[in-house]
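A structural walkthrough
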Amino acid sequence: MATVDTAPAGPHAPPAPPRSCTPPVQRPPTVAVPEQPRPGGAAAPPAATTLIGSVQRAMRLLETVATHGYGAPAKQLARETGLALPTTYHLLRTLVHEGYLRREKGLFFLGDAAERLSSSGAQQKRRSAVADTLAHWRDSIGVPVYYAMYRDGEIEVMCVSDSPEAPAVEEWADFRETGHAHAIGQCLLSQLDEDARRDHLSRYPVQSLTPYTVRDNDALLRRLARIPRTGPVVERQEYALGTVCAAIPITVGTTVATMAISLPAHQSDRLLPAAHRLQAEIGRHLGTLVLSISI
């Protein structure tokens, strides 16, 4: 592995911003709800014009069904929600049709669509737990922190936590396609078996990014075979000139993952101490992160 920290600058593709922990929120267009007449001709309060009663009632039904693990009949749901029975039947039929509820022997249960919503919510909570942890390490160690996984044959950077004081490396070349060059990719590939490594390189062969990038597939495979299972994986200016990186391997069951840091090359003396500190932090907190790192 090259240990030289400086090299002549070379032309690069335009940088792309680092990935954040969550995708951008796509907001639906605002739809104006016409004001409904009220008894006596009085206008509804301004806030009330934004509420849709049928949606409120449907949500109330869903919440009530969720409290009955063994299901509940329509009459009981109508009574507990305070809805008229005809309205309850109409909403239940609609929710069953859309997959949010299912009916078995006259009892209503949460359906697959509702379960998917619940699963998505749990996934967001796990994602948030990882993001909060990375932000804490970013601030305490003073370096940008990355979390990545090898999943379905691909390198996926799941979360990046950086700051103006500790900026992340610019992804000027696709991380998925250049795993041979950066510490994240080398760390993930080192945790795979020989066949999986060769399969990855058959799809994403070694390409030269800087004067320090490994030269060919065979040289990379020899390097990966020498990487210790537990120590930090270090690369110096192989992905981007002026940047050094270190990655810590994380293997939980069948999950292949890594947490990594990067620094400017002129601060390369900080790299290994910071990596060892990150490794110690991971060791202390891995038990609480086990359920979250498979985001």
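The following refers to the structure shown. Worth saying up front: this structure is predicted, and the values here are computed from it rather than measured.

Let us look at the overall build of the protein. A count of helices and strands for the protein gives eight helices and seven strands. For the protein, long-range pairs separated by at least 24 residues make up 62% of all intrachain contacts whose partners lie at least 6 apart in sequence. A total accessible area of about 16,200 Å² is found for the protein, and carbon and sulfur atoms account for 55% of it.

For Lys-105, which is not a glycine, the phi torsion comes out positive at approximately 50°. Structurally, Lys-105 can be placed in the loop between β1 (101–104) and β2 (107–110). Of note, the phi angle at Asp-152 is positive, near 55°, even though the residue is not glycine.

To continue, consider the nonpolar core. In this structure, Tyr-146, Tyr-150, Ile-184, Leu-188 and Tyr-239 are the most contacted members of the largest nonpolar core, which totals 34 residues. Put simply, the parts of the chain that give this core at least two residues each are β3 (145–151), β4 (154–161), α5 (183–190), α7 (217–226), β6 (243–252) and β7 (255–264). Looking at this core, the element that brings in the most residues is α5, giving five residues. Once residues within four sequence positions are removed from consideration, Tyr-146 is found in contact with Leu-134, Cys-159, Val-160, Ala-168, Val-169, Ile-184, Thr-258, Met-259, Ala-260, Ile-261 and Ser-262.

Bringing the layout of surface pockets into the picture now. Approximately 270 Å³ is the volume attributed to the largest pocket. Around the largest pocket sit 19 residues that line it, and Pro-167, Ala-168, Val-169, Thr-243 and Pro-264 are the ones nearest its centre. Ranked by residue count, the leading element in the lining of the largest pocket is β7, at three residues. The residue inventory of the lining of the largest pocket, partitioned by class, reads ten nonpolar, six polar and three charged.

Pairing in this open sheet of five strands is antiparallel, and the strands run β4-β3-β7-β6-β5 from one edge to the other. The two strands at the open ends of the sheet, each matched to only one other strand, are β4 and β5 (233–236). Sheet twist, expressed as the mean angle between neighbouring strand axes with direction ignored, is 25°. Of the strand pairs in this sheet, β3 and β4 are connected by seven bridges, and their pairing is antiparallel. When the bridges of β4 are listed, Tyr-150 appears paired with Ile-155. Sheet strands touched by α5: β3, β4, β5, β6 and β7. Its angle to β6, the strand with the most contacts, is close to 30°.

As a further point, take the packing of helix α1 (residues 53–66) against helix α2 (residues 74–81). Their axes nearest at 10 Å, the elements α1 and α2 cross at an angle of 115°. Considered as vectors, α1 and α2 are oriented roughly perpendicular to each other. Between α1 and α2 lies a crossing whose hand is right-handed. Listed contacts from α2 to Arg-60, Leu-61, Thr-64 and Val-65 of α1 are Leu-77, Glu-80 and Thr-81.

What the rule picks out here adds up to two aromatic pairs. Both rings, one in Trp-172 and one in Tyr-239, keep their centres 6.1 Å apart while their planes meet at 45°; by these two values the pair is tilted. Of this pair, Trp-172 sits in the loop between β4 and α5 while Tyr-239 sits in the loop between β5 and β6, and the two are 67 residues apart along the sequence. Per residue, the accessibility class of Trp-172 equals that of Tyr-239, and both read buried. When the ring of Phe-175 is compared with that of Tyr-239, the centres are 5.2 Å apart and the planes differ by 50°; the resulting orientation is tilted. Of this pair, Phe-175 sits in the loop between β4 and α5 while Tyr-239 sits in the loop between β5 and β6, and the two are 64 residues apart along the sequence. For Phe-175, a relative accessible area of 6% corresponds to the buried category.

Further remarks concern empty space enclosed by the protein. Per the counting criterion, the structure on display carries two cavities of 30 Å³ or more. Space inside the largest cavity adds up to approximately 80 Å³. Together, Tyr-146, Val-169, Phe-175, His-182, Ala-183, Ile-184, Tyr-239, Cys-245, Ala-260 and Ile-261 line the largest cavity. Listing elements by their share of the lining of the largest cavity, those giving two or more residues are α5 and β7.

What follows concerns the environment of Val-65. Structurally, Val-65 can be placed in helix α1. Take Val-65: its relative accessible area is 2%, and that puts it in the buried class. Look past the residues within four positions of Val-65 in its chain and what remains in contact with it is Leu-77, Leu-101, Phe-108, Phe-109 and Leu-110.

Calculation rules
Per chain, residue numbering runs from 1 following the sequence as it is written. Since the coordinates come from a predicted model, pLDDT governs what is reported: local features require at least 70, and pairs of side-chain atoms require 80 or more to be given and counted, while whole-chain, interface and lining totals use all residues. Note that water and hydrogens are dropped before the side-chain values are worked out from all heavy atoms of the structure. Helix and strand assignments come from DSSP, with helices taken as H or I runs of at least 4 residues and strands as E runs of at least 2, each series counted from the N terminus. We call two residues in contact whenever any of their non-hydrogen atoms come within 4.5 Å of each other. In these tables, accessible area is a Shrake-Rupley quantity obtained with a 1.4 Å probe, and a residue counts as shielded only by the protein chains included in the view. Take the buried residues of types Ala, Val, Leu, Ile, Met, Phe, Trp, Tyr and Cys, join any two whose side-chain atoms come within 4.5 Å, and each joined set is a nonpolar core. Between buried and exposed lies partly exposed: a residue is buried under 20% and exposed over 50% of the maximum accessible area for its type, with that area taken using a 1.4 Å probe on protein chains only. Cavities and pockets are found on a 1 Å grid laid over the protein atoms alone: a cavity is a set of points where a 1.4 Å probe fits but cannot escape, a pocket is an open set with protein on both sides within 12 Å along at least five of seven lines, and a lining residue has an atom within 4 Å of such a point. Grid points are joined across faces, edges and corners, and a volume is the space filled by probe spheres set on the points. Residues are sorted three ways: Asp, Glu, Lys and Arg are charged, Ala, Val, Leu, Ile, Met, Phe, Trp, Tyr, Cys and Pro are nonpolar, and all the rest, Gly among them, are polar. Paired strands, as defined in this entry, are two strands with at least two bridges between them according to DSSP. Fitted lines through C-alpha atoms give the axes, limited to the stretch in contact for helices. The angle between two N-to-C directions lies from 0 to 180 degrees. Oblique is the label for any angle not under 35 degrees, not over 145, and not in the 65 to 115 range, which are roughly parallel, roughly antiparallel and roughly perpendicular in turn. Handedness of a crossing is defined here by the sense of rotation of the near helix relative to the far one, left-handed for an anticlockwise turn of less than a right angle and right-handed for a clockwise turn. Any Phe, Tyr or Trp ring, taking Trp's six-membered ring, that has another such ring centre within 6.5 Å forms a pair; planes under 30 degrees apart are called stacked, those over 60 apart edge-to-face, and the others tilted.

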